[in-house]
There are 2 protein chains.
Amino acid sequence: MDLKKLGYFVVLARHLHFTRAAGTLGIAQSSLSQQIKVFEGELGVRLFDRDHHSVSLTAAGKALLDDGVCLLEAADRVAGQVRAAAAGPVTSAT
Amino acid sequence: MDLKKLGYFVVLARHLHFTRAAGTLGIAQSSLSQQIKVFEGELGVRLFDRDHHSVSLTAAGKALLDDGVCLLEAADRVAGQVRAAAAGPVTSAT
DNA sequence: AAGCCTTACGAGGAGCGTAACAATA
DNA sequence: TATTGTTACGCTCCTCGTAAGGCTT
């Protein structure tokens, strides 16, 4: 489970549009296509149904969108807490 | 926040011994040393105090050990749930 | 013709191993 | 000297971008 690819997935899941999602992420659209495919391969699950003119989430994709966002936020929070712990090891209160 | 490096950190934090931790992880000891250093750099925090014959957790390291394990487990759980969602979209009960 | 996703191919960076080095007991 | 952690160097794989291809409207 790679957090980087998970982030790509979340952005794409919100746009449901490779070109725009790639723009948001600041990478090429083809790279996003590749990474999503790799991510699906790693999970062994198809996350999106892509027809030539419509991208939609599969059931697995919907499940991952919910939990994935939480996971990403949790990771961010942990990083912040670690930095805080290093800066000022507050025992309990202010 | 890279989950792979976080996993390395957790194993090292439990062994408090680079050589053994590297053995557990199945990588070279020097590689572990490098990855931990990179990880510390990414977080901007020192995780371990290393003397030549003793490795110990800093305050930040201890904080990360607790939360990091949870994060890793959460990531694992999410992956499992996604696969389950793909296999059998159980609405509520059996 | 225009828009959208995918595949092919090449460049750059990250991760890893081997080897060499420094310090402690 | 044996053990432990760090640094240097080279290799391999992964990620990304550009270019070309195929399908739909």
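Predicted model only: the values in this text are computed from it and were never measured.

*Asks:* Help me understand the protein's contact with DNA strand D in this model?
*Replies:* Lining the immediate environment of DNA strand D, one finds 23 residues, of which Y8 and A28 of chain A together with S33, K37 and R50 of chain B sit closest. Atoms of DNA strand D within 4 Å of the protein belong to the sugar or the phosphate in 68% of instances, the rest to bases. A28 of chain A places a main-chain nitrogen or oxygen 2.5 Å from a phosphate oxygen of DNA strand D. A distance of 3.0 Å separates a phosphate oxygen of DNA strand D from a polar atom in the side chain of T19 of chain B. Counting residues per element, the ones that place at least two in the surface near DNA strand D are helix 1 (3–15) and helix 3 (29–43) of chain A together with helix 2 (18–25) and helix 3 (29–43) of chain B. When residues in the surface near DNA strand D are grouped by element, the largest group, five residues, is from helix 3 of chain B. In terms of residue class, the surface near DNA strand D is made up of five nonpolar, 14 polar and four charged.

*Asks:* What exactly am I supposed to notice about the interface of chain B and chain A here?
*Replies:* Often the size quoted for an interface is simply the accessible area lost on bringing the parts together. The interface is formed by 21 residues belonging to chain B together with 21 residues belonging to chain A. Of the roughly 1,800 Å² buried between chain B and chain A on both sides combined, carbon and sulfur atoms contribute 77%. Seen at the junction of chain B and chain A, the total is four residue pairs in polar contact (both at pLDDT 80 or more). Listed by contribution, the elements that provide at least two residues to the side of chain B that touches chain A are helix 3 and helix 4 (59–87) of chain B. Of the residues in the side of chain B that touches chain A, the class split is 17 nonpolar, one polar and three charged.

*Asks:* What is the right way to read the confidence of the model for chain A from this model?
*Replies:* Detailed reading of the predicted coordinates is not advisable wherever pLDDT falls low. For chain A, mean pLDDT is 94; residues scoring 70 or higher make up 98% of the total. Here strand 1 (residues 48–51) of chain A is the element of chain A with the lowest mean pLDDT, 92, and helix 1 of chain A is the one with the highest, 98.

Thresholds applied
- Residues numbered from 1 in each chain as written.
- Chains lettered and ligands numbered in written order.
- Predicted model: local features only at pLDDT ≥ 70, side-chain atom pairs only at ≥ 80, totals over all residues.
- Heavy atoms only, no water.
- Near = heavy atom within 4 Å.
- Polar contact = N/O pair within 3.5 Å; in protein donor to acceptor, adjacent residues only side chain to side chain.
- Helix = DSSP H or I, 4+ residues; strand = E, 2+ residues; numbered from the N terminus.
- Nonpolar A, V, L, I, M, F, W, Y, C, P; charged D, E, K, R; others polar.
- Contact = heavy atoms within 4.5 Å.
- Buried area = accessible area lost by both parts, 1.4 Å probe.
- pLDDT = per-residue confidence, 0-100.

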